[in-house]
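# What the coordinates show
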Amino acid sequence: MDYHQLVGLRQRHPAWRLLCSPHAPLIVSFLEQTFVSPNLRSLDQHSLAARLDDLLYGLNQELGDNGYPRPAIEYLDTWADNANGWLRKYYPPGSDEAHFELTPATEQAVAWLASLGKRQFIGTESRLLAIFELLKQMVEGSETDPQQRIAELEKRKAALDEEIARIRSGDLQLMDDTRVKERFLEVSATARSLLADFREVEQNFRDLDRAVRERIATWDGGKGALLGDIFGERDMIRDSDQGRSFRAFWEFLMSPARQEELTALLSRAFELAPVQSLEPDRRLLRVHYDWLDAGESAQRTVARLSEQLRRYLDDQAWLENRRIMHLLRDIETQALALREHPPEGEPFSLDESAPSLNLALDRPLYSPPLKPRIDAQILLEGKTESDTAALFEQIYIDKAQLLAQIRQALRQHPRISLGELLQQYPLRQGLAELVAYLDLAANDKRSAFDDSQPQLIQWHDAEGRLRRASVPLIVFSQ
């Protein structure tokens, strides 16, 4: 970093402007307690203003009436102004109330200020082991010699066999309390930093969405060139190192088996006595669900970009169709005028309105007709040694019975949602039965889908494990 680069950062970067603000203690403390500490993505304007009002009232009682005399909503609008950029103010789809969320720059400033405080425990061993593990993964994952990789795996297998033999002999080495605490604090810090990374990824897609809207509003050329530029930028973000890492993380997190494994590991870690002595935040037990919410928010931003492109294509198609209709009306008007006043001179005629083309290469090659030859043969009864029990274990969904359950519920209520219906008639055949309900709702004109209000459907599979599925709000009507 040179002098001019730092001068530019000091003038333009929102995090630096926040640190230079005379109200930085108020802004940072309020935003940290409201968004960062409870892992909240966004808050509506009414709730956020009410919390800031309570804080301002307490500070004015302590500092005097001249401390912070302005209303809370004015402070929020100032913090969300483009000149500051510490909050993002937006209106979610289907809502007329403004919402606020942290910007990545503000979260960076909050994290940096938090790092200035004195830490009660500084762990070095866990980070050193993490460095060794990452280096081993890099070297082993880039090794192209099969024999070298096999030798490394054999070495690892020998170490595991040695450890198993030592445990069987009674030599069970446990991790001491200090190491347990160190690793848990490292896990907690990394888990929270992932949420900040999600905000930055979402901000990149949001910047692309804003650039697309601005370019569409001022574009006067062909749509092919515009779409080529837009998709090029989108592919550049998706194929970048950050985009590939985000996709790999999202696919890993969306695995139900990984979610259950992570939930079990967090629960067992919180039951350890050294971890309980740290009095950890219990919200860390649900941090992977916060990751899911943050990832879904980034995915919705990408969906808005696709929706903007589709709307642009629809508008262009409507304009082109309108121009074609104007040309056809003009031709019809001129034809009617010529019918009353035909042109003088030799009459002319058109055999066809368009030339007919008969290309030799378009003709298919000759194929002789197939004459089937049927041999008269008596079919004999065969024998098989395979197990036929699988033929009788197929799941059959009786849609007539499901439809009867829907009609029975609608006799008591004029309309009922799928979640309320499943409280009366729980799923007995799992996901297949849920898909059958979705098919019935899609084929029923009186049913309604609302994608903005998802519902969480739960059931237990044949092995007794709890399964969940998020579906749009489905309402059946009489």
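Below, the structure is looked at part by part.

Reading the values: the criteria
- Residue positions within a chain follow its written sequence, with the count starting from 1.
- Only residues with pLDDT of at least 70 get local features here, since the model is predicted, and only at 80 or more are side-chain atom pairs given and counted; chain-wide, interface and lining totals rely on the full set of residues.
- Processing note: side-chain calculations cover all non-hydrogen atoms of the structure and skip hydrogens and water entirely.
- Between any two strands, at least two bridges found by DSSP are needed for them to pair.
- Helix and strand definitions follow DSSP, with helices as H or I runs of at least four residues and strands as E runs of at least two, each counted in order from the N terminus.
- Here an axis means a line fitted to C-alpha atoms, over the contact stretch when the element is a helix, while the angle between two N-to-C directions is reported on a 0 to 180 degree scale.
- Lining residues are those with an atom within 4 Å of a point, where the points come from a 1 Å grid over the protein atoms alone and group into cavities, where a 1.4 Å probe fits but cannot get out, or pockets, open sets with protein on both sides within 12 Å along at least five of seven lines.
- Grid points are joined across faces, edges and corners, and a volume is the space filled by probe spheres set on the points.
- Amino acid classes used here: Ala, Val, Leu, Ile, Met, Phe, Trp, Tyr, Cys and Pro are nonpolar; Asp, Glu, Lys and Arg are charged; the rest, including Gly, are polar.
- Helix span is expected to be 1.5 Å times the residue number reduced by one.
- For the exposure calls, accessible area comes from a 1.4 Å probe over protein chains only, and a residue counts as buried if that area is under 20% of its type's maximum, exposed if over 50%, partly exposed in between.
- Starting at the helix axis, one direction is taken to each C-beta atom, and the arc is that of these directions.

Pairing is antiparallel in the open sheet, where 3 strands are placed in the order 4-6-5. Both outer strands of the open sheet, strand 4 (415–417) and strand 5 (448–460), are each paired with one neighbouring strand and no more. Each strand of the sheet is rotated relative to its neighbour by a mean of 30°, with strand direction disregarded. Strand direction decides the pairing type here: strand 5 and strand 6 (residues 466–477), joined by 10 bridges, are antiparallel. Looking across to strand 6, one finds that glutamine 455 is bridged to valine 471.

If you walk through the whole model with that rule in mind, you get 1 cavity of 30 Å³ or more. Taken together, Arg41, Glu101, Leu102, Thr103, Pro104, Arg199, Glu202, Gln203 and Arg206 make up the full set of residues lining the largest cavity. A total of 4 residues in the lining of the largest cavity trace back to one element, the largest contributor, which is helix 9 (residues 177–218). For the lining of the largest cavity, the per-class residue count stands at 2 nonpolar, 2 polar and 5 charged.

Take helix 12 (residues 256–270) next. Because an α-helix completes one turn every 3.6 residues, residues spaced three or four positions apart along the sequence face the same direction. For helix 12, with 15 residues, the first-to-last C-alpha span of 21 Å sits near the 21 Å given by 1.5 Å per residue. Listed as buried for helix 12 are Gln259, Leu266 and Phe270. An end-on view of helix 12 places all buried positions within 35° of arc, on one side of the element. Opposite the buried face of helix 12, by more than 90 degrees, sit the exposed residues Ala257 and Arg268.

As far as function goes, none of this settles anything; it's purely spatial.
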